[in-house]
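These are the residues of each chain, in order.
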Amino acid sequence: MKRTKIFRLLQSDAPADNVLVKGWVRTTRDSKTFSFVEVNDGSCLSNIQIIADNSLENYDEVKKLTTGSAVAVTGSLSESQGKGQKWEITANRLDIISLAPETYPLQKKRHTDEFLRTIAHLRPRTNKYGAAFRIRSELSYAIHKFFRDRDFRYLHTPIITGSDCEGAGELFRVTSLDFDGLPKKEGKPDDSKDFFGKAANLTVSGQLSAEMFALALGDVYTFGPTFRAENSNTRRHAAEFWMVEPEMAFCDLEGNMELAEDLIKYPIQHVIEECEADIGLFARFVDKNLMKTLENITASDYIRLPYREAVEILKKSKKKFDHDIEFGKDMQTEHERYLTEHHFKKPVIVYDYPKTIKPFYMRMNDDNETVAAMDVLVPGIGEIIGGSQREERAEVLKSRMSETGLPEDNYWWYLESREYGTVPHSGFGLGFERFIMLVTGIRNIRDVIPFPRTPGSIEF
Ligand code: 4AD
Ligand code: MG
């Protein structure tokens, strides 16, 4: 007999005779002649209540069941008399697959996020993390569906690259050189002796590769891991995170903003409908304003604001910021959050940033001072999306590369795409973990990643 997921069982509309569930014991409660055993199989937030009575041949063992033990239960599904649950199972067989010792680290009380991060295998068995990672899964499905419905093609871009898309130098080197006999040239490691014959690193963004394919397939997107050796221990930076990067041919900044807004709204609406119980947990225990925030984000038209005006608003505000802001300076999280949480009280798309604070590939505006960049800012997080229209004019691109000190020989292939049938095109990157933080109200990026990688931390 095949096991049924509890998630499916709870959707039953009629009793059933022979069902099999397998899962882990959450709690047990004994009376004289029978025990209640609450079982959870991770398929949903709810447990199913098992009634095990003394007619079971191993009833003595069943009475000794501990939290965390794994069981297989065969029995009949019937309407529950108890409060708060529709269905329960009366067992005619209960096999103990493994008995957990009494030292099971998870207690009934709520544990701190910090403590749970130290137990790799049990963190996802808690209600909160089970819900978070089911939502993560469903959100990624919704993102693929969003793009497929719009005829975008999914592109797998390389993890190992020879370029630094963002030009910020936050690269993890990838090498097969032997560190104890490192071949050297002019005092530095000799990259020509390395695996690829040149220096390689983990990708910081799939964008440059996505552009190549947008200029062939039209609309594409990547959705994969990216890596940044950013040594900042903040609650919204991870060294390994996932990014969703659409790239559209024949598209300007305006079209880019429209897609960005839709890409945020659709998956949120999807999980509100499909993950009601899991989202409900976050709305009750993590962020009491969650549903209001999500409603605001899915229902409102986002503000579109030139960077220059954003700076004026920030300068005129009465708020004391830790960092000064003026034209030409990068906005800090505190500035981004002020704009979206206090000033406009909804998502804000800031665009036309000074070229001096943005990467080489962004399209130069006619003022020669700003580029067609855009960042989407949302409450609680700040920047969730960064993108731009791309510089499609070969000559302008070349001069931007030399201005920003990028070696042309690493990017010749990229430059070549501006030779043959170059077109206006645009794209952006949505930080997937920041998106999950937005949807769940979870405040720390570590808590939306199954195995977070941050400075000084890679235990498992
Ligand atoms: O703004 P970023 O650096 O943009 C790019 O990488 C572009 N090449 C994307 C593109 O146009 N195709 O990063 C995009 C988003 C940010 O807005 C943020 O949400 C997320 O990626 N992000 C991070 N998330 C977690 N940890 C980090 N260290 C992040 N760095 C960026
Ligand atoms: Mg950015």
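Below is a short write-up of the structure.

Calculation notes
Residues numbered from 1 in each chain as written. Chains lettered and ligands numbered in written order. Predicted model: local features only at pLDDT ≥ 70, side-chain atom pairs only at ≥ 80, totals over all residues. Heavy atoms only, no water. Helix = DSSP H or I, 4+ residues; strand = E, 2+ residues; numbered from the N terminus. Contact = heavy atoms within 4.5 Å. Core = buried A, V, L, I, M, F, W, Y, C linked by side-chain atoms within 4.5 Å. Buried < 20%, exposed > 50% of the residue type's maximum accessible area, 1.4 Å probe, protein only. Disulfide = S-S within 2.5 Å. Patch = residues over 30% accessible without salt bridge, like charges linked within 9 Å, V, L, I, M, F, W, Y side chains within 5 Å. Areas by Shrake-Rupley, 256 points an atom, 1.4 Å probe, with all protein chains shown as cover. Salt bridge = Lys/Arg side-chain N within 4 Å of Asp/Glu carboxyl O. Pairing = 2+ DSSP bridges. Axes fitted to C-alpha atoms, helices over the stretch in contact; angles between N-to-C directions. Phe/Tyr/Trp six-rings, centres within 6.5 Å; stacked < 30°, edge-to-face > 60°. Near = heavy atom within 4 Å. Polar contact = N/O pair within 3.5 Å; in protein donor to acceptor, adjacent residues only side chain to side chain. Nonpolar A, V, L, I, M, F, W, Y, C, P; charged D, E, K, R; others polar.

Concerning unusual backbone geometry
Trans peptide bonds make up the majority, and among non-glycine residues the majority have a negative phi.
Line of reasoning, step 1. Of note, Phe250 is a non-glycine position whose phi angle comes to about 55°, a positive value.
Line of reasoning, step 2. Relative to the helices and strands, Phe250 resides in the loop between strand S13 (240–249) and helix H6 (253–274).
Line of reasoning, step 3. With a phi angle near 60°, Asn368 is a residue other than glycine that sits in the positive phi range.
Line of reasoning, step 4. By secondary structure assignment, the location of Asn368 is in the loop between strand S15 (348–354) and strand S16 (370–378).

Observations concerning the environment of Ala210
Line of reasoning, step 1. Along the chain, Ala210 falls in helix H5 (residues 207–217).
Line of reasoning, step 2. The sequence separation of Ala210 and Ala239 amounts to 29 residues, and the corresponding C-alpha distance is 22 Å.
Line of reasoning, step 3. Setting aside residues up to four positions removed in sequence, Ala210 forms contacts with Leu155, Thr157, Val220, Thr222 and Glu247.

A closer look at the nonpolar core
Line of reasoning, step 1. The biggest cluster of nonpolar side chains holds 52 residues, and the ones touching the most others in it are Ile143, Phe147, Ile264, Ile384, Ile385, Phe435 and Leu438.
Line of reasoning, step 2. A total of eight residues in this core trace back to one element, the largest contributor, which is H6.
Line of reasoning, step 3. Residues within four places of Ile384 in sequence aside, it is in contact with Ile264, Val376, Val378, Gly429, Leu430, Gly431, Arg434, Phe435 and Leu438.
Line of reasoning, step 4. If you look at the next biggest cluster of nonpolar residues, it comprises 30 residues, including Ala310, Ile313, Leu397 and Leu406.

Quick word on the state of the cysteines
Throughout this description, disulfide means a covalent bond between two cysteine sulfur atoms.
Line of reasoning, step 1. Tallied over the full model, the rule gives zero disulfides.
Line of reasoning, step 2. As a non-bridged cysteine, Cys165 has Cys251 as the owner of its nearest cysteine sulfur, 17 Å distant.
Line of reasoning, step 3. We classify Cys165 as buried; its relative accessible area is 2%.

A look at a nonpolar patch on the surface
Line of reasoning, step 1. Together, Ile159, Ile160, Phe195 and Phe196 give the surface a local cluster of nonpolar side chains, amounting to about 400 Å² of exposed area.
Line of reasoning, step 2. Turning to its location among the elements, Phe195 is positioned in the loop between strand S10 (188–189) and strand S11 (200–202).

Regarding the sheet that holds strand S7 (residues 160–161)
Line of reasoning, step 1. Read across the open sheet, the three strands follow the order S7-S11-S8; overall the sheet is antiparallel. At either margin of the open sheet sits one strand with a lone partner, and together these are S7 and strand S8 (173–174).

Thoughts on the sheet that holds S16
Line of reasoning, step 1. In spatial order, the strands read S6-S12-S13-S18-S17-S16-S15-S14; together these eight strands make up an open sheet with mixed pairing. What marks the edges here is a single partner per strand, and that holds for strand S6 (153–154) and strand S14 (303–306).
Line of reasoning, step 2. Where S16 meets strand S17 (residues 382–389), six bridges bridge the pair, whose relative direction is antiparallel. Of the residues in S17, the one forming a bridge with Ala373 is Ser388.
Line of reasoning, step 3. Contacts from helix H13 (residues 432–440) reach strand S12 (219–227), S13, S16, S17 and strand S18 (425–431), with the element oriented near 60° to S18.

Regarding the packing of aromatic side chains
Line of reasoning, step 1. Considering all chains together, one arrives at 18 aromatic pairs under this definition.
Line of reasoning, step 2. Between Phe360 and Tyr411 the ring centres are 5.6 Å apart and the planes differ by 65°, which places this aromatic pair in the edge-to-face class. With Phe360 in the loop between S15 and S16 and Tyr411 in helix H12 (residues 408–416), the pair connects residues that are 51 residues apart, well separated along the chain. Here Phe360 and Tyr411 have matching classes, each one buried.
Line of reasoning, step 3. Ring centres of Trp413 and Tyr414 lie 6.1 Å apart, and the angle between their planes is 70°; this geometry places the pair in the edge-to-face category.
Line of reasoning, step 4. Relative accessible area serves as the criterion here: at 27%, Trp413 is assigned to the partly exposed category.
Line of reasoning, step 5. Residue Tyr414 is classed as buried on the basis of its relative accessible area, which comes to 0%.
Line of reasoning, step 6. Every member of this aromatic cluster is reached through a ring pair, and the members are Phe146, Phe147, Phe152, Tyr154, Tyr221 and Tyr266.

Some thoughts on the site of ligand 1
Line of reasoning, step 1. Inspection of the region around ligand 1 gives 25 residues, with Glu166, Gln207, Arg228, Glu245 and Glu383 positioned closest.
Line of reasoning, step 2. With respect to ligand 1, the side chain of Arg228 contributes an N or O atom lying 2.8 Å from an oxygen atom.
Line of reasoning, step 3. Arg390 is positioned with one of its side-chain polar atoms (N or O) 2.9 Å from an oxygen atom of ligand 1.
Line of reasoning, step 4. Compared with its free state, where it exposes 630 Å², ligand 1 has 94% of that area covered by protein.
Line of reasoning, step 5. The set of elements that each furnish at least two residues to the shell around ligand 1 consists of S13, S17 and S18.
Line of reasoning, step 6. For the shell around ligand 1, the element with the most residues is S17, which contributes five residues.
Line of reasoning, step 7. In terms of residue class, the shell around ligand 1 is made up of nine nonpolar, eight polar and eight charged.

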